[in-house]
Amino acid sequence: GFLGVFVIGFVPGAQASPIYGVVDLGLQSASPTVPDTLINPRLTNAAGDSASTIPIYAQPGANGTPVSLGPIGFYAEFVPHDGNALRIGLQGSDFANSAVSAINNSDQVVGESWSTGGISHAFVFTGGQIFDLNNLIPSNLTWTITSALSIDDQGRILADATSAGVSHTVMLVPEAVPEPSMAVVALFLLGGASIQVARRRRSGDGSEPSTLGSRAR
């Protein structure tokens with residue numbers, strides 16, 4: 001059982017979700033001070049990769065039924081300079097529309113997804129995956145991150161958030177995701193060696209101890 005947990009915990013290629021701390025910059029109505037790197041969001045980065053918000057228009061009916069001239073919805077795209085566009089944004093019935101706000105030089109894209117009922121959540125596209133920013137902040141906080149406005153090359157995100165019905169401007173700061181340490185690996189190996197030594201002592205005849213899997217035949 002212990003060996004199984006160890007192997008699962010260190011699956012090659014597994015990627016942990018990013019984690020963000022939240023800094024309250026103040027009430028939106030008070031025009032809070034924002035770091036310079038977050039003031040002018042970009043939609044194209046230094047590599048020529050870009051992010052776009054695409055309007056969706058209704059198709060005319062077969063009998064020529066008139067349709068609205070304006071868009072009926074929006075979706076968001078990440079567009080690499082040397083590849084095909086990738087549709088991004090939160091999925092599901094609660095988030096029918098998405099729009100992007102900014103991209104940084106690490107191809108991280110931020111924006112928001114919203115429903116026709118007015119529910120809005122901010123998202124980040126990073127490492128080829130989409131995350132709801134509300135799932136990446138400490139669970140004991142009362143913030144609802146509604147819209148991501150900008151992201152800089154440090155990965156910091158400027159966002160709108162509400163708490164107890166009051167709108168604030170916040171900055172999400174990426175925190176280091178703990179990496180498996182060599183101490184954990186060494187402890188595991190030492191534990192295995194200790195089991196072998198204990199079995200030798202119990203046998204008392206100097207014979208080789210049985211392996212963990214020898215009983216399963």
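Attention here is on the structure that accompanies the text. (Residues numbered from 1 in each chain as written. Predicted model: local features only at pLDDT ≥ 70, side-chain atom pairs only at ≥ 80, totals over all residues. Heavy atoms only, no water.)

Further remarks concern the packing of aromatic side chains. Under the counting rule described, the total for this entry stands at two aromatic pairs. Seen in terms of ring centroids, Phe-74 and Trp-114 are 6.3 Å apart; in terms of plane orientation they differ by 45 degrees. Their pairing is tilted. One end of the pair, Phe-74, is in strand 3 (residues 73-79); the other, Trp-114, is in strand 6 (residues 109-114), and 40 residues separate them in sequence. With a relative accessible area of 28%, Phe-74 lands in the partly exposed category. Overall, Trp-114 belongs to the partly exposed group, its relative accessible area being 23%. When the centroid spacing of 5.3 Å and the interplanar angle of 40 degrees are considered together, the rings of Phe-78 and Phe-125 count as tilted. A residue pair is termed long-range when its members are at least 10 positions apart, and Phe-78 in strand 3 and Phe-125 in strand 7 (residues 120-126) qualify at 47 residues. With respect to burial, Phe-78 and Phe-125 carry one shared label: buried. (Phe/Tyr/Trp six-rings, centres within 6.5 Å; stacked < 30°, edge-to-face > 60°. Helix = DSSP H or I, 4+ residues; strand = E, 2+ residues; numbered from the N terminus. Buried < 20%, exposed > 50% of the residue type's maximum accessible area, 1.4 Å probe, protein only.)

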